[in-house]
Amino acid sequence: MKIFLDTANLESIKKFNDMGLLDGITTNPSLLSKEKGNPKNTMEEITKIIKGDVSLEVVSTEYSGMMEEGKRLREYGDNVVVKVPMTPDGLKACKSLSSEGIPVNVTLIFSPNQALLAAKSGAKYVSPFIGRLDDIGQDGMHLIEDIREIFDNYDFETEILVASIRHPIHVVDAAKIGADVVTLPPVVLEKMMQHPLTKIGLENFLADWEKLKAGNPDIKI
Ligand code: G3P
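This text gives an overview of the structure that appears in the document. Bear in mind that the values here come from a model prediction, so they are computed numbers and not experimental data. (Residues numbered from 1 in each chain as written. Predicted model: local features only at pLDDT ≥ 70, side-chain atom pairs only at ≥ 80, totals over all residues. Heavy atoms only, no water.)

Looking only at helices and strands, the chain features eleven helices and eight strands. Its C-alpha atoms give the chain principal-axis dimensions of roughly 75 × 40 × 30 Å. Taken over 221 residues, the chain has a buried fraction of 44%. Across the chain, contacts joining residues at least 24 apart in sequence account for 57% of those joining residues at least 6 apart. Summing over all exposed atoms, the chain offers an accessible surface of approximately 11,900 Å²; the carbon and sulfur share of this is 53%. Side chains of the chain carry 25 positive and 33 negative charges; the gap between the two charge centres is 4 Å. (Helix = DSSP H or I, 4+ residues; strand = E, 2+ residues; numbered from the N terminus. Buried < 20%, exposed > 50% of the residue type's maximum accessible area, 1.4 Å probe, protein only. Contact = heavy atoms within 4.5 Å. Areas by Shrake-Rupley, 256 points an atom, 1.4 Å probe, with all protein chains shown as cover. Lys, Arg positive; Asp, Glu negative; His and termini not counted. Charge placed at Lys NZ, Arg CZ, Asp CG, Glu CD.)

Right under this line is the structure:
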């Protein structure tokens, strides 16, 4: 399963990229609005730091505007994936951009039928938002199961990019279902590394090493 980071924060992107964890990045206007500086520079910088796919989102709601913005976004780098909303104009732009060889991520997916239509339009990725479904009392992960089954039934190559992830259990469940990608807020990726027994175990190893050193002051590893 690929891991993307769901952020426009350059510090976080560099940090996790240096650990070799990142296969790509997803951004959106809300994530960009949280960062200081010129968003254009931020988007360009992200495409340079990350070798994998970087989703950058259009803000036009009309087909022609989406096409113009999509082509401008693509100028930031060959690894740019144009993110369009799940609307009729978004699907038309998905079809046109994909036909021109520009990969598309269809975002704001909340139903299996929306995912099916986005795949038919040629999307490289569909982004179902599971946390926002959980927030309104629906089972977000059930949507991932449905999309996986439908895409497998018909051999769609479109990848399921699980978005709006809130906690590490979402990641485990998405991986068990066979989602292609999870896009994680930095805080969730941070939590995935941690376990209390790892912390306690390391503290014990270091304490025992100190005891060893007390009897052998010159000891080194
Ligand atoms: O990638 C989409 C994601 O950023 C949405 O997450 O937490 O705003 O529902 P959230």
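Let us keep going from here.
Per the counting criterion, the structure on display carries twelve salt bridges. In this structure, the salt-bridge partner of R148 is D180, at a minimum N-O distance of 3.1 Å. Here the residue R148 occupies a position in helix α8 (residues 140-153), and D180 occupies one in the loop between α9 (168-177) and β8 (181-184), the gap between them amounting to 32 residues. Each of R148, D152 and D180 takes part in a single network of salt bridges with overlapping partners. (Salt bridge = Lys/Arg side-chain N within 4 Å of Asp/Glu carboxyl O.)

Here we take up the sheet that holds strand β6 (residues 125-128). On the basis of which strands lie adjacent, the closed barrel formed by eight strands has the order β1-β2-β3-β4-β5-β6-β7-β8 and parallel pairing. Pairwise comparison of adjacent strand axes, ignoring direction, gives a mean angle of 30° for this sheet. Pairing analysis gives four bridges linking strand β3 (residues 53-57) to strand β4 (residues 80-85), with the strands arranged parallel. In the strand pairing of β4, E57 is matched with K83. Where helix α3 (residues 39-49) meets the sheet, it contacts β2 (24-26), β3 and β4, and its direction lies at approximately 165° from that of β3. (Pairing = 2+ DSSP bridges. Axes fitted to C-alpha atoms, helices over the stretch in contact; angles between N-to-C directions.)

Our focus in this paragraph is the packing of aromatic side chains. Considering all chains together, one arrives at three aromatic pairs under this definition. A centroid spacing of 5.7 Å and a plane angle of 70° characterise the contact between F110 and F129, whose relative ring orientation is edge-to-face. In this pair, F110 sits in the loop between β5 (104-109) and α6 (112-120) while F129 sits in the loop between β6 and α7 (130-135), placing the two residues 19 residues apart along the sequence. By relative accessible area, which is 30% here, F110 ends up partly exposed. K92 extends its terminal NZ or CZ atom over the ring of Y63, reaching a point 4.3 Å from the ring centre. (Phe/Tyr/Trp six-rings, centres within 6.5 Å; stacked < 30°, edge-to-face > 60°. Lys NZ or Arg CZ within 6 Å of the ring centre and 35° of its normal.)

Taking 1.5 Å as the rise per residue, α8 with 14 residues should run 20 Å; its terminal C-alpha atoms sit 21 Å apart, in good agreement. Listed as buried for α8 are G140, M141, L143, I144, I147, R148 and F151. When α8 is viewed along its axis, its buried side chains cluster within an angular range of 145° and face the same direction. Exposed positions of α8 whose direction lies more than 90 degrees from the buried face are E149 and N153. Backbone geometry just after α8 places D155 at a positive phi near 55°. (Expected span 1.5 Å × (residues − 1). Arc of directions from axis to C-beta.)

Residues in close proximity to the ligand include D6, N28, F129, R132, A163, S164 and R166, which together make up its full environment. Within the side chain of D6, a nitrogen or oxygen atom sits 2.6 Å from an oxygen atom of the ligand. Within the side chain of R166, one N or O atom sits 2.6 Å away from an oxygen atom of the ligand. About the coverage of the ligand: the protein hides 79% of its 310 Å² of free accessible area. Split by residue class, the shell around the ligand holds two nonpolar, two polar and three charged. (Near = heavy atom within 4 Å. Polar contact = N/O pair within 3.5 Å; in protein donor to acceptor, adjacent residues only side chain to side chain. Nonpolar A, V, L, I, M, F, W, Y, C, P; charged D, E, K, R; others polar.)

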